Structures are given as C-alpha cells and as structure tokens.
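Structural overview for review
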Amino acid sequence: MPQPPGRKQKGPFVDQCESGKHAWCRCERSGRYPYCDGTHRGSDITPIKVVLDKPCTVIWCACGTSANKPYCDGSHTRL
Ligand code: FES
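Note that the coordinates shown come from a computational prediction; the quantities given were computed from them, not determined experimentally. (Residues numbered from 1 in each chain as written. Predicted model: local features only at pLDDT ≥ 70, side-chain atom pairs only at ≥ 80, totals over all residues.)

**With respect to unusual backbone geometry**
As a reminder, the rule being used: Strands here mean DSSP runs of E at least two residues long; helices mean DSSP runs of H or I at least four residues long; both are numbered from the N terminus.
Cis rather than trans, the peptide bond between Y33 and P34 has omega equal to 15 degrees. With respect to the helices and strands, P34 occurs in the loop between β2 (20–24) and β3 (48–52). Residue P70 follows K69 across a cis peptide bond; omega there is 15 degrees. Following the sequence through the fold, P70 ends up in the segment after β4 (56–60). A positive phi angle, near 65 degrees, is found at E28, a position not held by glycine. Mapped onto the elements of the fold, E28 is located in the loop between β2 and β3.

**What about the environment of C63?**
Here is the rule we go by: Exposed residues have 12 or fewer other C-beta atoms within 10 Å of their own C-beta, buried residues have 20 or more, and partly exposed residues fall in between, where C-beta atoms are placed from the backbone.
Within the secondary structure, C63 sits in the segment after β4. The exposure class assigned to C63 is partly exposed, which follows from the 18 C-beta atoms found within 10 Å. Between the alpha carbons of C63 and E28 there is a distance of 9.6 Å; along the sequence they are 35 residues apart.

**Points about the nonpolar core**
A general tendency of soluble globular proteins is for nonpolar side chains to be buried together. Threshold: Here, a nonpolar core means buried Ala, Val, Leu, Ile, Met, Phe, Trp, Tyr and Cys residues linked by C-beta atoms lying within 7 Å of one another. A pair of residues counts as a contact when their C-beta atoms, built from backbone coordinates, are within 7 Å of each other.
Of all hydrophobic cores here, the largest spans 10 residues; its members are F13, W24, C25, Y33, Y35, C36, W60, C61, A62 and C72. Not counting residues up to four positions away in its chain, the partners in contact with A62 are P5, K8, Q9, G11, P12, F13, Y33 and P34.

Structure representation (structure tokens):
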C-alpha cells in the first residue's frame, strides 16, 4: 500500500482502497493528505466522505484543483 503524501502534490494519489468509508481532506492541512486526519476540527471545513461498496483502485485528487473532488479529473496537468 502506498503511503499518502501528507501534503498537496502536483498529481493524484492512487491507492488500493478497501470497501467502506473514506474521507478526503478538504482543509488541506491533514498529515495524511489526501485523507482526512481530523485536523479540520474546530473549523467550518469538513471532509468529503465517500463510501466504496467494494475494494477498488481510487485515483484521489492530491493537487486540490479537481472539479470532481475527491477524484482526479486531470486538472493537475494544467498546473
Ligand atoms: S491530482 Fe489530478 S486533478 Fe488533482
């Protein structure tokens, strides 16, 4: 399993995800970015929650510019 980068980067984070709940960090301060680690608590920013019904490969946006968050839409290629 790849480790989450922990900060924004210029491309997606591809991960083999288990089924169940996942939370994509929207505050961009998570130490597990692009996954939420709870750092947003106390702010009005909340993560984007995703429920996967089966294990699958997910291409998470890790640049923060996707128009289809939490997923990569290729917008990072224009950075
Ligand atoms: S990483 Fe591809 S759009 Fe953000």
